[in-house]
Amino acid sequence: MKFPYYKLCVLLLCPATLVFGNLLSFFFPNHLQSLQINKDGWLNSIFVKNGWFWNSIVGWWCILRYGDFQINRQSLIRYSILTIWWYIFTQALWFGIAPIMDLVFTYTGGHCDFTVFDSNGNLADDFHDSIARRLKSLKRILFTLKNITMENDEDLLKKSMSDISCALNEKCFNRTSSPQDINNFIRKTFAQDAPLLGSAQCRSLGGYWIGGHDPSGHVFLITLMIMYSFGELRLFGGKALQRLKKKKYTGLLITSLKLFDNGPIWNLINNKPKNIKSFLMSAFILPPFTVVKDIVKFLGQILKIVVWQNPIILLISLLGMWWWSFLITSIVFHTFTEQLSGLLFAYIVAGIIYWNDHWFIHNAMNQ
Ligand SMILES: CCCCCCCCCCCCCCCC(=O)SCCNC(=O)CCNC(=O)[C@H](O)C(C)(C)COP(=O)(O)OP(=O)(O)OC[C@H]1O[C@@H](n2cnc3c(N)ncnc32)[C@H](O)[C@@H]1OP(=O)(O)O
């Protein structure tokens, strides 16, 4: 029985990265605190936060391009289990019920906070962790307040809206109400019917999710994606790498070189214009059209080689993005215990699936 190097790599990459990230932040605190990670950057907001979607599409495209029916059927079972676990842990336990990560948070004392003003009536510094997010949440709160009607507390509603507008530097009148009254009014208005269901709803209303043990959804999600991708890669990785090596890419090389062989001088030398009209065509009219044609041809070849022939390139690229984002999370966000609980919750399912070799031995014998 040969040593399960690949399996150990799949199972140990995320825990090792978590430890590595925490060691980095322990030994280089000052350097790393200066890291201004933008939560709303394209990597986090477009890719990581919608990671299960991207991973599903690219993962399945690889399985369909490299696999066969037997592999696809077993991959579908594993994928379905992981998708259900992803959904109930991060999206919703059931219709109208918060996901497990939020239930853990609220049952350990966490809540959706609306302490907008401090005791001096200024914006509370600990309301959201950046000015941009604070202002964005104030706009959301103001928008909600503007669209509600209430019989009682009409006066407090108006004062809340005017104080928040003032804080947004929209229209500033003299403040008449106590900040505590405003905070209590907003909290009562937003959480009056039922305690807010989860972090997503809290965030959409402009609240700030604070207080409890908050298992890291990022660590959970990225662990699930890395283990799923590496786990399935084991089935078709060899075939994919053979195909990658076997293919010739001379066509792509020629097209890419043509992109540089299109200056007006080159055209004049190659086309040797006989009169003014063909001179103007060669020097000024043709080049833009030739460039566009060559670029479209080049991109077409890239898409054919990467998306159609070797989608493993897309999967490896996603894995690189997930690993990098995981490292950032382990350095900058959450306490170690919150990161660890996010990891362990992912391991409850993905670890068992990809530890059991019976999925793969059966396929290996069939191949
Ligand atoms: C053969 C047949 C085939 C059949 C097969 C077909 C296949 C084809 C099916 C396709 C379909 C599949 C089904 C998928 C469908 C969807 O995936 S749809 C997209 C769903 N995603 C969403 O709606 C995003 C909702 N958000 C979330 O789920 C959660 O935010 C996440 C992503 C789980 C993260 O949870 P979280 O608790 O916010 O994360 P946490 O670690 O606590 O982070 C705390 C804060 O630190 C920030 N942070 C943490 N780490 C980082 C970092 N590294 N960098 C920056 N910021 C960070 C976070 O952004 C967060 O700040 P906020 O932005 O929340 O204020």
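Residues numbered from 1 in each chain as written. Predicted model: local features only at pLDDT ≥ 70, side-chain atom pairs only at ≥ 80, totals over all residues. Heavy atoms only, no water.

An unreviewed UniProt entry lists the chain under the name Acyl-coenzyme A diphosphatase SCS3, from Zygotorulaspora mrakii. Comment text from UniProt for the chain, heading Sequence similarities (unreviewed entry), reads "Belongs to the FIT family. Fungal FIT2B/SCS3 subfamily." UniProt, in the comment section headed Subcellular location (unreviewed entry), describes the chain in these words: "Endoplasmic reticulum membrane". (UniProt positions renumbered as here; feature names shortened; annotations may be inferred.)

(A) View of the UniProt feature "active site" (unreviewed entry) in the chain. As recorded in UniProt, the feature "active site" (unreviewed entry) lies at His218 and His334. Considering the C-alpha atoms alone, the annotated residues occupy 117 residues of sequence yet fold into one spot, their largest mutual distance being 10.0 Å. Structurally, His218 can be placed in helix α11 (residues 217–246). Dropping the residues within four chain positions of it, His218 is found in contact with Asn44, Val48, Lys49, Ser325 and Thr329. One polar contact links His218 to Asn44, side chain to side chain, over a distance of 2.6 Å. Along the chain, the position of His334 falls in the loop between α15 (312–332) and α16 (336–355). On the basis of relative accessibility, which here comes to 33%, the residue His334 falls in the partly exposed class. (Helix = DSSP H or I, 4+ residues; strand = E, 2+ residues; numbered from the N terminus. Contact = heavy atoms within 4.5 Å. Polar contact = N/O pair within 3.5 Å; in protein donor to acceptor, adjacent residues only side chain to side chain. Buried < 20%, exposed > 50% of the residue type's maximum accessible area, 1.4 Å probe, protein only.)

(B) Inspection of the site of the ligand at higher detail. Of all residues adjacent to the ligand, which total 27 residues, the nearest are Lys49, Gln91, Arg133, Arg203 and His334. Within the side chain of Gln91, one N or O atom sits 2.7 Å away from an oxygen atom of the ligand. Take Thr329: an N or O atom from its side chain is 2.8 Å from a nitrogen atom of the ligand. For the ligand, whose unbound accessible area comes to 1,400 Å², protein coverage reaches 74%. For the shell around the ligand, the elements supplying multiple residues, two or more each, are α4 (51–66), α5 (69–91), α11 and α15. (Near = heavy atom within 4 Å. Areas by Shrake-Rupley, 256 points an atom, 1.4 Å probe, with all protein chains shown as cover.)

(C) Seen up close, the state of the cysteines. Tallying each qualifying case throughout the model produces one disulfide. With a sulfur-sulfur separation of 2.0 Å, Cys112 is cross-linked through a disulfide to Cys202. On the S-S bond that ties Cys112 to Cys202, the torsion sits near 85 degrees, and the link is right-handed. With a gap of 90 residues between them, Cys112 in strand β1 (residues 111–113) and Cys202 in helix α10 (residues 199–204) connect regions that are remote in the sequence. Of the residues examined, Cys202 reaches a relative accessible area of 1% and is grouped as buried. Its sulfur unpaired, Cys14 is 10.0 Å from the next cysteine sulfur, which belongs to Cys9. Summary of cysteine pairing: Cys62 is not part of a disulfide, and the nearest cysteine sulfur, belonging to Cys9, is at 17 Å. Take Cys62: its relative accessible area is 0%, and that puts it in the buried class. (Disulfide = S-S within 2.5 Å.)

(D) Looking closely at the UniProt feature "transmembrane region" (unreviewed entry) in the chain. The positions UniProt marks with the feature "transmembrane region" (unreviewed entry) are residues 41–64, 76–97, 218–237, 275–292, 312–333 and 339–356. Counting secondary structure, residues 76–97 comes out at 73% helix and 0% strand; the distance between its end C-alpha atoms is 27 Å. A distance of 25 Å separates the end C-alpha atoms of residues 275–292, which is 94% helix and 0% strand.

(E) Just the packing of aromatic side chains, in detail. All told, the structure shown has 20 aromatic pairs when counted by the stated rule. Considering the side-chain rings of Trp85 and Phe220, the 6.0 Å spacing of their centres and the 70 degrees angle between planes classify their relative orientation as edge-to-face. Here the residue Trp85 occupies a position in helix α5, and Phe220 occupies one in helix α11, the gap between them amounting to 135 residues. On the accessibility criterion, Phe220 (0% relative accessible area) is buried. Between the aromatic rings of Phe89 and Phe345, the centroid separation amounts to 4.8 Å while the plane-to-plane angle is 40 degrees, which identifies the pairing as tilted. With Phe89 in helix α5 and Phe345 in helix α16, this pair connects stretches of sequence that are 256 residues apart. On the basis of relative accessible area, Phe89 is assigned to the buried category, the value being 0%. An aromatic cluster is present here, built from Trp52, Trp60, Tyr79, Trp86, Tyr87 and Tyr228 joined pairwise through their rings. The ring of Trp355 has Lys7 lying over it, and the distance from NZ or CZ to the ring centre is 4.2 Å. (Phe/Tyr/Trp six-rings, centres within 6.5 Å; stacked < 30°, edge-to-face > 60°. Lys NZ or Arg CZ within 6 Å of the ring centre and 35° of its normal.)

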